[in-house]
Amino acid sequence: SAVISQKPSRDICQRGTSLTIQCQVDSQVTMMFWYRQQPGQSLTLIATANQGSEATYESGFVIDKFPISRPNLTFSTLTVSNMSPEDSSIYLCSVLVDRGPLRYTFGSGTRLTVV
Amino acid sequence: AQKVTQAQTEISVVEKEDVTLDCVYETRDTTYYLFWYKQPPSGELVFLIRRNSFDEQNEISGRYSWNFQKSTSSFNFTITASQVVDSAVYFCALSVGWNNNNDMRFGAGTRLTVKP
């Protein structure tokens, strides 16, 4: 199955700054997804990132706040811009794995705290 | 619209007890996929199972078993002889998209605590 390396694993950031989260997959994948998990909550899809096109954002998420890059089929970044304490969450990337049972595999997550 | 309900917010059991985590879903699509994921304290999401809507066969994997019933729109997860290492948050999820779209919806999760 696909192995996802996500970094940083955690960070503490100052209000007003930006953080870029990286997601590297060990095989080529068509679609990559970014999720947010607020403290004690479930996962919410932020956007879907396809290589060669702009990311598709879910309702409530905008590109200015969460710009996404997808330069190739194995890599993507999510930037959390102009951070506020409300952005404190776990951010996870995910890919669709089509070898073996079809399933979504997740990175280990980035635990972000904004102070 | 798709929806997943995990009514049990937290469950606490003593080691070796059996425990069932409930999952009820809603969708108008006739083809869909159901998942269970485990999220241990370390935070990563571990895939446990995927079930297709056209396959109602129940499944057993070691101490884990899943009961899929379309008549009640439920996909329940049972852990037999629970262990402390089973302590985690468990998410049930539903997807109706696949290659062309991601319409995956997660339930709120059930936090399972297994006490020694």
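In this report, the structure presented in the accompanying data block is examined. (Residues numbered from 1 in each chain as written. Chains lettered and ligands numbered in written order. Predicted model: local features only at pLDDT ≥ 70, side-chain atom pairs only at ≥ 80, totals over all residues. Heavy atoms only, no water.)

## Overview of the overall build of chain A
In step 1: A count of helices and strands for chain A gives 0 helices and 11 strands.
In step 2: Going residue by residue from the N terminus, the α and β elements of chain A occur as β-β-β-β-β-β-β-β-β-β-β.
In step 3: In summary, chain A has a C-alpha radius of gyration of 13 Å against a globular reference of 13 Å for 115 residues, a match within 12%.
In step 4: Its C-alpha atoms put chain A at 40 × 25 × 25 Å along the principal axes.
In step 5: Here chain A, with 115 residues, has 52% of them falling under the buried criterion.
In step 6: Across chain A, every contact between residues at least 6 apart in sequence was considered, and the portion connecting residues at least 24 apart equals 53%.
In step 7: Of the accessible surface of chain A, which amounts to about 5,300 Å², a share of 47% is contributed by carbon and sulfur atoms.
In step 8: In chain A, the 9 positive side-chain charges and the 8 negative ones have mean positions that sit 7 Å from each other. (Helix = DSSP H or I, 4+ residues; strand = E, 2+ residues; numbered from the N terminus. Rg over C-alpha atoms; globule rule 2.2 N^0.38 Å. Buried < 20%, exposed > 50% of the residue type's maximum accessible area, 1.4 Å probe, protein only. Contact = heavy atoms within 4.5 Å. Areas by Shrake-Rupley, 256 points an atom, 1.4 Å probe, with all protein chains shown as cover. Lys, Arg positive; Asp, Glu negative; His and termini not counted. Charge placed at Lys NZ, Arg CZ, Asp CG, Glu CD.)

## Re the sheet that holds strand E1 (residues 4–7) of chain A
All names here are of chain A.
In step 1: One open sheet holds the 4 strands; their spatial order is E1-E3-E8-E7, and the pairing between them is antiparallel. In the strand order of this sheet, the two ends are held by E1 and strand E7 (68–72), each with one partner. Strand after strand, the sheet turns through a mean of 15° between neighbouring axes, direction not considered.
In step 2: Bridge analysis of E7 against strand E8 (residues 75–80) gives 3 bridges, and the strand direction is antiparallel. Looking at E8, one finds that Ser69 is bridged to Thr77. (Pairing = 2+ DSSP bridges. Axes fitted to C-alpha atoms, helices over the stretch in contact; angles between N-to-C directions.)

## Describing unusual backbone geometry
In step 1: Backbone torsion omega between Lys7(A) and Pro8(A) reads 0°, so that peptide bond is classified as cis.
In step 2: Structurally, Pro8(A) can be placed in the loop between E1 and strand E2 (10–13).
In step 3: The phi angle at Asn82(A) is positive, at roughly 45°, despite the residue not being glycine.
In step 4: In this model, Ser73(B) sits at a positive phi of 50°, which is unusual for a non-glycine residue.
In step 5: Position of Ser73(B) relative to the elements: it lies in the loop between strand E8 (64–69) and strand E9 (74–79).

## Focus: the state of the cysteines
All names here are of chain A.
In step 1: Within the structure shown, the criterion is met by 2 disulfides over all chains.
In step 2: In this model, Cys23 is linked to Cys93 through a disulfide, with the two sulfur atoms separated by 1.9 Å. Disulfide Cys23 to Cys93: torsion about the S-S bond roughly 70°, handedness right-handed. With Cys23 in strand E3 (residues 19–25) and Cys93 in strand E9 (residues 89–97), the pair connects residues that are 70 residues apart, well separated along the chain. (Disulfide = S-S within 2.5 Å.)

## Section: the interface of chain A and chain B
A common way to report how large an interface is uses the accessible area buried once the components associate.
In step 1: Each partner contributes to the interface: chain A provides 20 residues, whereas chain B provides 23 residues.
In step 2: The largest contributions to the chain A side of the interface with chain B come from Leu102(A), Tyr104(A) and Phe106(A), which together make up 32% of the buried area.
In step 3: Where chain A touches chain B, the interface holds 0 salt bridges.
In step 4: Put simply, chain A and chain B have 3 residue pairs in polar contact (both at pLDDT 80 or more) between them.
In step 5: Of all elements in the fold, only strand E4 (31–37), strand E5 (43–50), E9 and strand E10 (103–106) of chain A reach the threshold of two or more residues within the side of chain A that touches chain B.
In step 6: It is E4(A) that contributes the most residues to the side of chain A that touches chain B, 4 residues altogether.
In step 7: Its residues assigned to classes, the side of chain A that touches chain B shows 11 nonpolar, 6 polar and 3 charged. (Buried area = accessible area lost by both parts, 1.4 Å probe. Salt bridge = Lys/Arg side-chain N within 4 Å of Asp/Glu carboxyl O. Polar contact = N/O pair within 3.5 Å; in protein donor to acceptor, adjacent residues only side chain to side chain. Nonpolar A, V, L, I, M, F, W, Y, C, P; charged D, E, K, R; others polar.)

## Focus on the side chain of Ser89(A)
All names here are of chain A.
In step 1: Locating Ser89 in the fold gives a position in strand E9.
In step 2: For Ser89, a relative accessible area of 4% puts it in the buried group.
In step 3: In contact with Ser89, other than residues within four places in its own chain, are Arg36, Gln37, Gln38, Pro39, Thr110, Arg111 and Leu112.

## With respect to the pairing of strand E2 (residues 10–14) of chain B
Residue and element names in this part refer to chain B.
In step 1: Only one face of E2 is covered, namely the face carrying Ile11 and Val13; the face carrying Glu10, Ser12 and Val14 is uncovered.
In step 2: Direction of pairing for E2 relative to strand E12 (residues 110–115): parallel, over a ladder of 5 bridges. Of the residues in E12, the one forming a bridge with Val14 is Lys115.

## Here's the deal with the side chain of Asp86(B)
All names here are of chain B.
In step 1: Among the secondary structure elements, Asp86 is positioned in the loop between E9 and strand E10 (88–95).
In step 2: Take Asp86: its relative accessible area is 1%, and that puts it in the buried class.
In step 3: In contact with Asp86, other than residues within four places in its own chain, are Lys38, Arg63, Tyr64, Ile79, Leu112 and Val114.

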